[in-house]
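Chains, contacts and geometry: an overview
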Amino acid sequence: MTGLATAGPVSDVLCAALVYAYVFIVLFVVERLYKGDQAVGRKILHVGIGNVVFLLWLPTGPWTALVVAGSFVVFTLLITRRMQRRFLDELGRDGGRTLLSRAYRHVIARLSTISVSAAGNEFGLVYYCIAFLALAVLFYDRPIVVAAGMLPLAYGDGMGAVVGLKYGAHRYAVFDRKSIEGSLAVFAATAAALSVGLAFYGMPLAPAVGKATAIGAITALVEAVTPRGLDNLSIPAAGAIALLLLGAAP
């Protein structure tokens, strides 16, 4: 998470505050506006949370990255269906009287409906945050690499699912059923979003577009051959490795 200044307590706290505030806003929007459509809510989360990479320009240390990104892993575990059932059972013993019980039922239990398997792999959001955790800790001082991993996942995979479900007329299967239309959407959305991301972190426009286009093609291929749910791990890894091999800007 490079910047113009040297990493220190102030920038650590400010970066963490920005990230938490943004994620809270996304969660609030999802909880308020998805209107019972779990698939829509899931995709709002999928795309929206990926934009957190644009908040990593403040200089921070690896421990800040570990704490912030790690907290998201814990939170997404808490909103999976099986964890929801376990905690509701435990909290139900107090009759819903404590503040913790009321808060859990009002907030986490509402959000957990988005994580159910009918809207995708139950642990997909957990894998998403694990990928962010790994990239944030390994490349805390090179946010352009984090962007190369997370933007293909947020926009490429997110738009591929939407387009594939609605317009996927030409189907194929490796491990899971995909569509040519969905794969093309993965490519196009990755190329567009990552071009912006690479340029945002200082890469000149022409090489940014060229590398983003190449990573878009790699992302579409990886998404096509990865079993359902695991693409939330394979796509970020492929995007980050591809940028490193192609030559990431300092």
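Structure: above.
Residues numbered from 1 in each chain as written. Predicted model: local features only at pLDDT ≥ 70, side-chain atom pairs only at ≥ 80, totals over all residues. Heavy atoms only, no water.

1. Considerations on the overall build of the protein chain
If you tally the helices and strands in the protein chain, you get 10 helices and 2 strands. Helices and strands appear in the protein chain in the N-to-C order α-α-α-α-α-α-α-β-β-α-α-α. Considering the protein chain as a whole, with its 250 residues, one finds that 50% of them fall into the buried category. Contacts in the protein chain between residues far apart in sequence, at least 24 positions, make up 77% of those at least 6 positions apart. For the protein chain, the accessible area works out to roughly 12,100 Å², and carbon and sulfur atoms hold 71% of it. (Helix = DSSP H or I, 4+ residues; strand = E, 2+ residues; numbered from the N terminus. Buried < 20%, exposed > 50% of the residue type's maximum accessible area, 1.4 Å probe, protein only. Contact = heavy atoms within 4.5 Å. Areas by Shrake-Rupley, 256 points an atom, 1.4 Å probe, with all protein chains shown as cover.)

2. A short note on the environment of H170
One can find H170 in the loop between α7 (143-167) and β1 (171-173). With a relative accessible area of 49%, H170 lands in the partly exposed category. Counting along the chain gives 11 residues from H170 to E181, while the straight-line C-alpha distance between them is 7.0 Å. If we skip the residues at most four places from it in the chain, H170 touches K178, S179, I180 and E181.

3. Overview of a nonpolar patch on the surface
On the surface, F24, I25, F28 and V29 cluster together into a nonpolar patch covering about 390 Å² of accessible area. By the secondary structure assignment, I25 is in helix α1 (residues 9-33). A relative accessible area of 49% means that I25 is categorised as partly exposed. (Patch = residues over 30% accessible without salt bridge, like charges linked within 9 Å, V, L, I, M, F, W, Y side chains within 5 Å. Salt bridge = Lys/Arg side-chain N within 4 Å of Asp/Glu carboxyl O.)

4. Here's the deal with the packing of helix α6 (residues 124-138) against α7
Their axes nearest at 9 Å, the elements α6 and α7 cross at an angle of 165 degrees. In terms of their interaxial angle, α6 and α7 are classed as roughly antiparallel. The handedness of the crossing between α6 and α7 comes out as left-handed. Two secondary-structure elements touch here, α6 through Y128, A131, F132, L135 and A136 and α7 through V146, G149, M150, L153 and A154. Looking at the contact of α6 with α7 residue by residue, the class counts come to 9 nonpolar, 1 polar and no charged. (Axes fitted to C-alpha atoms, helices over the stretch in contact; angles between N-to-C directions. Parallel < 35°, antiparallel > 145°, perpendicular 65-115°, else oblique. Left-handed = near helix turned anticlockwise from the far one by under 90°. Nonpolar A, V, L, I, M, F, W, Y, C, P; charged D, E, K, R; others polar.)

5. Quick notes on the packing of aromatic side chains
Given two aromatic rings, one states the distance between the centres and the angle between the planes to describe the pair. For the structure on display, the rule yields 4 aromatic pairs. Between Y20 and F72, the ring centres sit 5.7 Å apart and the planes meet at 75 degrees, which makes this aromatic pair edge-to-face. Highlighted residues: Y20 in helix α1 and F72 in helix α3 (residues 62-78), separated in sequence by 52 residues. Taking the relative accessible area as the measure of exposure, Y20 reaches 35% and is therefore partly exposed. For F72, a relative accessible area of 11% gives the class buried. (Phe/Tyr/Trp six-rings, centres within 6.5 Å; stacked < 30°, edge-to-face > 60°.)

6. A word on the nonpolar core
Of all hydrophobic cores here, the largest spans 49 residues; its most connected members are V19, F132, V146, M150 and L198. Element by element, the count of residues in this core is highest for α7, at 9 residues. Residue contacts for M150: discarding those within four places in its chain leaves V53, Y128, A131, F132, L135 and P236. (Core = buried A, V, L, I, M, F, W, Y, C linked by side-chain atoms within 4.5 Å.)

7. So, the side chain of K178
Following the sequence through the fold, K178 ends up in strand β2 (residues 177-179). A polar side-chain atom of K178 sits 3.0 Å from a polar atom in the side chain of E223. Beyond its immediate chain neighbours, meaning those up to four positions away, K178 contacts H170, R171, Y172, E223, A224, T226 and D231. (Polar contact = N/O pair within 3.5 Å; in protein donor to acceptor, adjacent residues only side chain to side chain.)

8. Section: the environment of A131
Residue position: A131 is located in helix α6. Classification of A131 as buried rests on a relative accessible area of 8%. When the C-alpha positions of A131 and V146 are compared, they lie 9.5 Å apart, and in sequence the two are 15 residues distant. Not counting the four nearest positions on each side in its chain, A131 is found in contact with M150, N232, L233 and P236.

9. As for the pattern of salt bridges
Counted by the stated rule, this structure contains 1 salt bridge. Between E223 and K178 there is a salt bridge, and its shortest N-O distance comes to 3.0 Å. Of this pair, E223 sits in helix α9 (residues 205-225) while K178 is found in strand β2, placing the two residues 45 residues apart along the sequence. Here E223 and K178 have matching classes, each one buried.

10. Comments concerning α7
Taking 1.5 Å of rise per residue, the 25 residues of α7 would be expected to cover 36 Å, and the 34 Å separating its terminal C-alpha atoms lies within 8% of that figure. Across the 25 residues of α7, 18 count as buried, placing the element largely inside the fold. (Expected span 1.5 Å × (residues − 1).)

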